[in-house]
Each structure stands twice: as C-alpha cells, then as structure tokens.
Amino acid sequence: MNRDKLVKVFDDNANSYDKYRPKYPNEVIEELIDLSQIKAKDKILEIGCGTGQITIDFVKRGYEVVGIEKGESLSRIASNKIEKYGIGKIINSTFEDWVTSEKFKLVIAAQAFHWIDKKRGINKILRLLKDNGSIGLIWNVDKSQETEFWEQTSKVYDKYLPKKKGQGGMEETIEEHWDYIYKRKELINFGKREYQWEKVYSKEEYLGLLNTFSPHMSMELNKRERFFKEIKSIIEGLNNRVLKNYKTVLLFANKRS
C-alpha cells in the first residue's frame with residue numbers, strides 16, 4: 001500500500017487510532033530528555049505525530065513541540081490535545097514537503113520514520129538540527145509470539161493475510177535503520193535502548209485496535225468481516241481478554257558540532 005493510501009486509512013480511523021493504539025512508556029520520554037539534554041527553551045520537532053500520542057508527553061513536561069502530520073483528522077486531534085497547554089503546534093503536511101528555517105534541539109519520530117526514505121529523511125533532519133542536536137527514533141514492537149492468543153490467531157492470519165515471501169517484520173526494519181544511522185559520519189554518541197512492557201485488552205479494545213492497522217482495513221469487505229468474526233471468536237474463548245507483550249525501541253544519536 002502506498003503512503004497516500006496508508007495516510008487515508010489512518011486518517012479515516014483517527015479516533016480509533018487515538019483511543020486504541022498503544023502509547024509509549026514514560027521511561028522512553030525521560031531517557032530522551034536525559035540523552036538529548038533539552039532545556040525548557042529548546043524546541044522539539046516530531047515527524048509523523050499522528051494524534052499526538054507521544055507529543056503530549058513532552059508538552060505536558062513544558063517542551064514546545066512542532067508536530068508534522070499529513071492526515072487532516074489525525075492532526076486535528078493532536079492540535080486539540082495540546083491546545084490547552086498553550087505551547088507547541090501541529091502542521092498538516094508531509095515531512096518531505098514541509099519547509100522551515102527553524103532549527104531544533106531534538107527531532108523525534110514515533111512509529112513513523114519507516115514510512116520515509118532513510119537517506120532523504122536523515123539528510124533533512126541533519127539540516128534542521130542544531131549543532132549537538134539529537135535524533136530519537138521510536139517504535140513499539142509486538143513481542144507476543146509465545147502467547148496462546150498469538151498461537152491461535154496465527155492460523156487466521158495465514159488464511160486471510162499470509163506473509164509475502166521475503167517480507168520482513170518491524171524488528172528487521174528497526175535494525176536496518178540502526179545500521180544506517182550508525183554509518184552516518186555526521187552523527188555521534190549512538191544509543192539503542194529497549195523497554196519491555198505488557199498491556200491487557202478487552203475484546204472491544206482489541207477489535208478496535210485491529211481497525212487501526214492498514215492490512216486489516218485494506219481487505220475486501222466480506223473477507224474483512226470473516227477475518228474479524230474469527231478473531232472475535234478466539235478472544236471470546238480466552239475470557240474476552242488479550243494479553244500483548246510489547247518492546248519499545250529507541251534509536252538515538254547526536255549531530256556533530
């Protein structure tokens with residue numbers, strides 16, 4: 001699915017995205033603040049801020065965040081979320097098309113940077129960063145492969161959404177980004193951090209979460225209805241609850257002065 005169609009899928013389901021997508025551990029925010037040494041006066045740029053799920057964590061701490069988000073509904077929710085704090089702003093644009101003369105102390109992207117060409121994206125980040133500024137790329141990774149729910153639903157996915165040959169997962173994508181930024185001579189002080197946590201979803205919450213993922217929503221309608229019916233049945237057989245194990249990964253680097 002190309003990115004324009006993907007943005008539409010997310011934007012059409014913006015409320016569900018905001019309500020059901022997993023958030024980020026406080027430890028990630030605190031670690032980024034510590035590693036980047038950002039001060040109250042420093043500005044943060046966020047690429048692909050979605051509904052402001054991590055944006056708000058920085059704004060609540062008093063940091064001014066400029067969030068870039070292509071989806072109109074997504075950006076509207078993010079704007080409403082930070083409005084009452086009186087700092088920061090959300091810009092409805094793609095990162096690639098956005099033009100600014102501002103410089104930032106910290107540039108972050110949460111669950112978003114893999115939709116941008118690595119070279120083009122990092123080159124633009126480097127232009128927007130102050131000397132000694134920092135990059136923080138963040139992803140949530142589902143690590144529930146050993147759970148009973150995963151075992152039962154794998155058969156459903158094999159039937160309705162079989163993996164394409166050579167198709168890598170999110171961890172492979174993260175490693176590709178890590179290898180790439182680590183080789184950039186303009187960057188120093190690299191760091192890779194991982195945070196393990198879990199979340200229990202009700203049946204309604206988990207079905208709502210599935211409605212925010214593009215492979216599910218891009219299915220033909222009848223096929224999607226059958227898929228959701230089978231997933232729902234499995235959840236009901238597990239006392240209407242789904243345990244998910246997550247790992248949040250932070251890739252960090254400083255720009256050379």
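Relevant structure appears above.
Residues numbered from 1 in each chain as written. Predicted model: local features only at pLDDT ≥ 70, side-chain atom pairs only at ≥ 80, totals over all residues. Heavy atoms only, no water.

> Can you walk me through the overall build of the protein in this structure?
Secondary structure assignment for the protein yields eleven helices and seven strands. The globule rule puts the C-alpha radius of gyration for 257 residues at 18 Å, and the 19 Å found for the protein is close to it. Taken along its principal axes, the extent of the C-alpha atoms in the protein is 55 × 40 × 30 Å. Out of the 257 residues in the protein, the part that is buried amounts to 49%. For the protein, the share of sequence-separated contacts (at least 6 apart) that also reach a separation of at least 24 residues comes to 80%. Surface summary for the protein: the accessible area is close to 13,200 Å², and the carbon and sulfur share equals 46%. A gap of 3 Å separates the mean positions of the 47 positive and 39 negative side-chain charges of the protein. (Helix = DSSP H or I, 4+ residues; strand = E, 2+ residues; numbered from the N terminus. Rg over C-alpha atoms; globule rule 2.2 N^0.38 Å. Buried < 20%, exposed > 50% of the residue type's maximum accessible area, 1.4 Å probe, protein only. Contact = heavy atoms within 4.5 Å. Areas by Shrake-Rupley, 256 points an atom, 1.4 Å probe, with all protein chains shown as cover. Lys, Arg positive; Asp, Glu negative; His and termini not counted. Charge placed at Lys NZ, Arg CZ, Asp CG, Glu CD.)

> Looking at this model, I keep getting lost on helix α8 (residues 170–183). Mind explaining?
Three or four residues apart is the spacing at which side chains of an α-helix point the same way, because the helix has 3.6 residues per turn. Between its terminal C-alpha atoms α8 stretches 20 Å, which fits the 20 Å expected from 14 residues at 1.5 Å a residue. Within α8 the residues assigned to the buried category are I174, H177, W178 and I181. For α8, the arc enclosing every buried residue in end-on projection is 105°, short of the 170-degree limit, so these residues lie on one face. Those residues of α8 that are buried are in contact with α6 (118–128), β5 (129–142), β6 (187–202) and β7 (241–255). (Expected span 1.5 Å × (residues − 1). Arc of directions from axis to C-beta.)

> Could you clarify how one ought to interpret the pattern of salt bridges in this entry?
For the structure shown, the criterion picks out 13 salt bridges. In this structure, E230 engages K159 in a salt bridge whose closest nitrogen and oxygen atoms are separated by 2.9 Å. Of this pair, E230 sits in helix α11 (residues 221–237) while K159 sits in helix α7 (residues 148–160); the two residues are 71 residues apart in sequence, bridging distant segments of the chain. Within this structure, K143, E171, E194 and K247 form a network of salt bridges that share partners. (Salt bridge = Lys/Arg side-chain N within 4 Å of Asp/Glu carboxyl O.)

> Sorry if this is basic, but what is going on with the packing of aromatic side chains here?
As enumerated under the stated definition, the model contains twelve aromatic pairs in all. Summarising the aromatic geometry, the rings of W98 and F104 are spaced 6.3 Å apart at their centres and angled 50° between planes, so their arrangement reads as tilted. The same class applies to W98 and to F104, which are both buried. Between Y182 and F190, the aromatic rings sit 4.6 Å apart at their centres with planes inclined by 45°, giving tilted as the arrangement. You can call F190 partly exposed: its relative accessible area is 25%. Three or more aromatic residues joined by ring pairs make a cluster, and in this case those are Y157, Y160, F227 and F228. Over the ring of F95 we find K124, and its NZ or CZ is 5.0 Å from the ring centre. Here the guanidinium or amino end of K199 rests over the ring plane of Y201, the centre of that ring lying 5.2 Å away. (Phe/Tyr/Trp six-rings, centres within 6.5 Å; stacked < 30°, edge-to-face > 60°. Lys NZ or Arg CZ within 6 Å of the ring centre and 35° of its normal.)

> Which parts of the structure should I look at to understand unusual backbone geometry?
Note: most residues except glycine have negative phi, and most peptide bonds are trans. In the Ramachandran plot, Q111 falls in the positive-phi region, its phi being about 60° despite a non-glycine side chain. With respect to the helices and strands, Q111 occurs in the loop between β4 (104–110) and α6. Positive phi, normally seen in glycine, also occurs at N132, with a value near 70°. Structurally, N132 can be placed in strand β5.

> Explain helix α9 (residues 203–210) here, please?
With six of eight residues buried, α9 is to be regarded as a mostly interior element. For α9, the elements touching its buried residues are α2 (14–20), α7, β6, α10 (214–217), α11 and β7.

> I would appreciate a short explanation of the packing of α6 against α8 in the present structure.
Each pair of packed helices can be summarised by the angle the axes make with each other and by the distance between the axes. Where α6 meets α8, the closest approach of the two axes is 11 Å, and the angle between their N-to-C directions is 50°. As summarised for this structure, α6 and α8 are arranged oblique, according to the angle between their axes. Here α6 runs over α8; the crossing is right-handed. Counted together, K118, K119 and I122 of α6 and E176, H177, Y180 and I181 of α8 form the full contact between these two elements. Of the residues belonging to the contact of α6 with α8, the class tally is three nonpolar, one polar and three charged. (Axes fitted to C-alpha atoms, helices over the stretch in contact; angles between N-to-C directions. Parallel < 35°, antiparallel > 145°, perpendicular 65-115°, else oblique. Left-handed = near helix turned anticlockwise from the far one by under 90°. Nonpolar A, V, L, I, M, F, W, Y, C, P; charged D, E, K, R; others polar.)

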